[in-house]
Structure formats: C-alpha cells, structure tokens
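Coordinate analysis (summary)
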Amino acid sequence: METTDSPTPVQRRLGACEETTRRWRSMASSSGPALNEELQCSICLEVFIDPVTTPCGHNFCRTCLIKCWTNSQTCFCPLCKEKFSKRPELKINTTLREVVQHFKEKLNLGESEVFCDVCGERKQKAVKTCLTCPSSYCETHLEPHLSVPRLKKHKLINPVENLEDYICQKHERPLELFCRDDQTCVCLFCTEGEHRTHNTVPIEEESREKKNQLVQTQIDVHQMIQDRMKKIQEIKHSVELRKRNTEKEKSSSVEIFTDLIRSIERCQSDQLKMMEEQQKAAEKQAEDLIKELHQEITELKRRNTELEQLSHTDDHLHLIQMSSSLNTRPHTENWTEIRIDSGVNVNSLKRALTELKKTLDETLNEKLTQTGLKFVQKFAVDVTLDPDTAYPSLILSDDGKQVSDGDIEQDVPENPKRFENNCCVLAKQGFSSGRFYYEVQVKGKTQWDLGVARESIDRKKTITLSPEDGFWTVILRNENQYDACESPLLSLSLRVNPEKVGVFVDYEEGLVSFYDVESRSHIHSFTGQTFTDKLYPYFSPCNNDEGENSNPLIITPVSPLMD
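Scope of this entry: the structure provided in the associated data block. Keep in mind it's a predicted model, so treat the numbers as computed, not measured.

Taking strand neighbours across the sheet as the criterion, the seven strands line up as 11-12-23-14-19-20-21 in an open arrangement whose pairing is antiparallel. Since the sheet does not close on itself, it has two edges, and those belong to strand 11 (394–396) and strand 21 (521–526), each with one partner. With direction set aside, neighbouring strand axes in the sheet form an average angle of 20°. Bridging between strand 14 (residues 435–441) and strand 19 (residues 500–506) involves seven bridges; their strand directions are antiparallel. The partner of Gln441 across the bridge, within strand 19, is Lys500.

With that settled, consider the sheet that holds strand 9 (residues 184–186). Spatially, three strands are ordered 9-8-10 in an open sheet, and the strand pairing comes out antiparallel. With one partner strand each, in any of the chains shown, strand 9 and strand 10 (200–202) form the two edges of the open sheet. Here the average twist between neighbouring strands, direction ignored, is 35°. In this sheet, strand 10 lies alongside strand 8 (residues 177–179) in antiparallel orientation, the contact comprising three bridges. Its bridge partner being in strand 10, Cys179 is matched across the sheet by Thr200. Contacts between helix 6 (residues 203–311) and the sheet are confined to strand 8, strand 9 and strand 10, with strand 10 contributing the most and set at about 90° to the helix.

Summarising burial for strand 15 (residues 448–454): six of the seven residues are buried, a large majority. Sheet topology note: the strand 15/strand 16 (residues 471–477) ladder contains six bridges and is antiparallel. Within the sheet, the bridge partner assigned to Trp448 lies in strand 16 and is Leu476. Examined bridge by bridge, strand 15 and strand 22 (residues 535–540) share six bridges and lie antiparallel to one another. Residue pairing in the sheet places Arg454 in a bridge with Leu535 of strand 22.

Attention now moves to the environment of Thr95. Following the sequence through the fold, Thr95 ends up in helix 3 (residues 94–108). Classification of Thr95 by relative accessible area gives partly exposed; the value is 37%. It is 8.4 Å that separates the C-alpha atoms of Thr95 and Leu214, two residues lying 119 residues apart in sequence.

Here the structure, examined in full by the defined rule, presents ten aromatic pairs. Taking the centre distance of 6.3 Å and the plane angle of 70° together, the rings of Trp69 and Phe84 count as edge-to-face. Here Trp69, found in helix 2 (residues 62–70), pairs with Phe84, found in strand 4 (residues 83–84); they are 15 residues apart in sequence, far enough to count as distant. For Trp69, a relative accessible area of 3% puts it in the buried group. Taken together, the ring pairs in this structure connect Phe375, Phe379 and Phe504 into an aromatic cluster.

Bringing helix 4 (residues 139–147) into the picture now. For helix 4, the complete set of buried residues consists of Leu142, His145 and Leu146. Along the axis of helix 4, the buried residues cluster in a sector spanning 95°; they form a single face.

Scanning all chains against the criterion turns up 15 salt bridges. Put simply, Glu194 and Lys170 hold a salt bridge, and the shortest N to O gap is 3.7 Å. In this pair, Glu194 is assigned in the loop between strand 9 and strand 10 and Lys170 in the loop between strand 7 (156–157) and strand 8, connecting sequence segments 24 residues apart. A relative accessible area of 63% means that Lys170 is categorised as exposed. For Glu299, the salt bridge goes to Arg302, with nearest N and O atoms at 2.2 Å. Residue Glu299 and its partner Arg302 are located together in helix 6, separated by three residues, close to a single helical turn. One network of salt bridges, with partners in common, ties together Arg180, Glu205, Glu206, Glu209 and Lys210.

Residues Asp407, Glu479, Asp545, Glu546 and Glu548 make up a contiguous surface patch of negative charge. Tracing the sequence through the fold places Glu479 in the loop between strand 16 and strand 17 (481–484).

So, how was this worked out
- Going along each chain's sequence as written, the residues are numbered from 1 onward.
- Per-residue local features of the predicted model are confined to residues with pLDDT of at least 70, and side-chain atom pairs are confined, for both listing and counting, to 80 or more; whole-chain, interface and lining totals are unaffected and use all residues.
- Side-chain measures here rest on the full set of heavy atoms in the structure, leaving out hydrogens and waters.
- Note on pairing: DSSP must find at least two bridges between two strands before they are called paired.
- Secondary structure elements are defined from DSSP: runs of H or I of at least 4 residues count as helices, runs of E of at least 2 residues count as strands, and each element is numbered from the N terminus.
- An axis is simply a line fitted to the C-alpha atoms; with a helix, the fit covers only the stretch in contact. Between two such axes, the angle follows the N-to-C directions and lies from 0 to 180 degrees.
- Only heavy atoms enter the contact rule, under which two residues are in contact if any of them lie within 4.5 Å.
- Relative accessibility under 20% of the residue-type maximum defines a buried residue, over 50% an exposed one, and the middle range a partly exposed one, all with a 1.4 Å probe and only protein chains included.
- Pairing of aromatic side chains here covers Phe, Tyr and the six-membered ring of Trp, requires ring centres within 6.5 Å, and sorts the geometry by plane angle: under 30 degrees stacked, over 60 edge-to-face, intermediate tilted.
- Throughout, the arc means the angular range of directions from the helix axis out to the C-beta atoms.
- Think of a salt bridge as a Lys or Arg side-chain nitrogen and an Asp or Glu carboxyl oxygen that are within 4 Å of each other.
- Surface patches are drawn from residues lacking salt bridges whose relative accessible area is over 30%; two like charges belong together within 9 Å, two nonpolar side chains (Val, Leu, Ile, Met, Phe, Trp, Tyr) within 5 Å.
- The Shrake-Rupley method, run with a 1.4 Å probe, gives the accessible areas here. Residue values count only the displayed protein chains as cover.
- Positive charges are assigned to Lys and Arg, negative charges to Asp and Glu, while His and the chain termini are left out of the count.
- We put the charge of a Lys on NZ, of an Arg on CZ, of an Asp on CG and of a Glu on CD.

Here you go:
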C-alpha cells in the first residue's frame, strides 16, 4: 500500500480519538484527587459503589450503610449522627452513580490493553471494537468496516475489554438505546418487547445529556471545593483574630490587676503611715504627761517637806498661820482617768479593711464592666425593625430604627408574624449562632421592654415575658422600677437610670447581657440558657400613656468606648 502525505480516514478518526483521550486525561489528572475525596464513602473510605443518600443529605455505599445499620439498634447518619424515627427506604442515587462511573472512566481512559481479535501471533493494539460483530480490530483489520457499505453500518466504539457489558444479554444485540422509564440501556429488540411503550432515546443522545449533567455536577463539586477552601481560610482567620483579641484582653486584664495591686499597696502604705503617726502622737502624749507628772511630784515633795518641818516646830503662832494653807489638798490632775492607747484598735482596723474591700470591689467591678462592654461592642450588628411583626398601634420610622406607640390601631395587612395582643415588634435580623450586640436609646421613657425572643413564640395570644416562654428581657415600669424577667421576676437596683441600653447575646454560651452604655455599668445577665430557635431582637415602647411615655425607642449606631 502506497504511503501518501494525507492521513487515511482511520488515522483521522484515531487522531480525533487520541486528542479526546488527551483532553480527558488532562481533566482527570487536574481534578482527580480533589474529586476523588468528594466521591468517597466516609465509612469504607473508597469511591462510592451503588451510592445512596440519607434524608439528611449525606451519601454512602449502599452495602456500607446497610451493614452499619444492621449492627445498630437505631438508624442514624454515620457522618452527622442525625437519628431517623424509622428506617429510610434506600434507593440508589443514579446521578451520583453516573458521576462516579464517569470519574472512574476518566481515570482509566486509554489505559486498557485491548488487542485485535483478527491478528495472528503478533497481535496489534485494537483501535475500535465492533458491537455488531462483536470483535476488536487494529487499524489494519478495521479498514473493511470503514470501506465496505454493509460493515459501515456496524456499531463501532473505542476498544473495550468487557464487551459483554455493551451487548444485550437477552437478544445479543448492541445496546443502542436508553430507556428513561427504567433508566437502563436496551437494544432495538427490547423496544419491541417489554420496553415497547417506554420512552427510549438513542444512547448517544442520552450520553450527551448525561455529560451535560456531569459537567454541571463537576462545576458544582468544584464550587463545593472552593467553598470549603474559603471556609478553611475563614476559620484560620477567625482563630488568628481571636488570638489577637485574646492577647489584647490579657494585656487589659494585666493592666486592671496591676492597678488593683497598686491600689492595695497604696492603701497598705496609707494604713501603715497612719499607724506610725498614731504611735508618734502616743509617744508625744506620754512624754508630755510624764513631764507634767514629774512637775507635780516635785511640787508634792516640796509640800511634804514643808509639812514635815511645820509638824515639828515650837512656834505655835507660825504653825497656826501656815496650817490653813498647808492643810489644803494641792490641785493636781485626776490621773486615774488618763490612759495611753496600748495599741491599734482592732475594730478600727477592721472598719478600714472593710472600706478598702468595698473600694476595691467597686473599682474591680467598674473596670471589669468597662472591659466587658468594650469586648461585646466588637460584635455590633446592624438591626432594623420588621414592620410585618409590629403590633397595629405601633409607629415605625421609615429607616426602621425608631418605634413608638400611636394609641390608635392602624389598618395593617394580616401577617402570621404579627403580634396581635402585645405592643411590641421584632427586628428583621435573626441569629442562630455566634455573638451579636446592639444599642437602644431609652431616654425620656417611663416604660419599655428590651431583649431577645425566639422565632417560634406564639404571636397571636397574650405573651408572658420569661425564658420559659421564649423571652429574655429587662423592663422599666413607673419611671424607675427596673426588673429582669426571670422566673420569678427579679428586681434590679440601678445607681442611675440608663439612657442607652446595650444588649449582647452569645448563642453558644447561652448568655444574654444588658449594659448601661453611658455609665459603662452592667445591668443584668441571663446565664446558662439553652437556645435552639433563631433569636430576634425584641422591642416594646409600651403604651403611650396619654403622652407620658411618647418618646420612641431608637436603635442607635454603636460607638466603641474610648480608654
């Protein structure tokens, strides 16, 4: 056979096939490892075989999942541990199975060693397999199928070893059609029998559609990978941010306790100085008293000498004249009432220590509150009021930042989210994890309610403000009566009336805290709570009270505290 510069039809077809093979190999090599992880069963850690999907959305090999449930008294997802009340019916996820099969084919494309069935002792690699014959042919022995009219009608595919998978086992004919009703490949004879009324299409058409689906699935899987990579970066960033914040808080804590130690040392120094001054004063007092006593002793000794001399005199006239003055008791101090303090008064010292402790407690509480408020302000969120939840008499500002009671119920649309028996409103924003903080101006009001409420509260009946009923709130009544809506109600003693209240929630820790922003003081905290629903900021300006309580509640921007 003469050799020409132009390629033969077989060479052209082979060239196209090789180019396709190279493309698929490139795709498999670039996405194989990552895609392989997405298509692994988390039980056997192998690529899925007959994958099934649980109600919670996770995928496993059918055999692996059945074996897992066989050895357990309850049915649950081995990945997320969600329990199922009854055993789910397991159906093979055909789309995922095809993705797995396609993935396997990409990895194995061009790797098979299929040889020509016609060659003699020295067999050549097959370039095509004929499903009609059925046989595999090298380039030389394939020529008749490309030139003989009758053979040109045969079904040729890339060479395969498992030829029986491409032949109908019932009719021994090529599987050329796909039954969409039964999701299986069939031959032409099958469509005249049990698949006669079914929706069947050429296998090439179905393959194109499946490829499009696979491409889209691959895009989705790639996006899932990117999302997870992004989440890894977010987690790393969060850890680093937390580390920096922890270092700042540690530094702040060191500063607080250093100040306290200095305060203690200063108080100790003042106390010791006072004790030294008292000792010096006692010594000076003793010195003066001793001097005075010596003077009196000298005077008394002189008087005693005079009396002694007079008692022995024979001069009667002189004795009579002097006796009136010498018989008089000399004027001296009543020394029985005079005492020198023997030491430090214990009760006085105890009082000083009590005052010191009180001062330290107040200082510590103030500093810790200020530090805590600075910390929670870092979790400030933008909160706006939801008009769909507002009681009909409430008036909301256009920007959703203010609410007041208008006395008269307005004609508002019916809404399942709306409160019908209580003068209150929720925020649009709900939170089911993490931490959040917002501030509300309450200046000039005689009544108000603030806090958070769970999403599932009954909004059509009269509500009770308590954690058991889904509310974590602090309230004001009668201008200066503050209460925390615990069970039972807890009265709060505040030094000043707050004009701006900060509300902080740590969902995972079960914490809801309230702060007086202006005085930087802590008002109250609900601790040890368990949250399962989404939480929404809760506001009630309370009744207008004939204008006495007309001021609105105002959601204000959070201004971080300055040192």
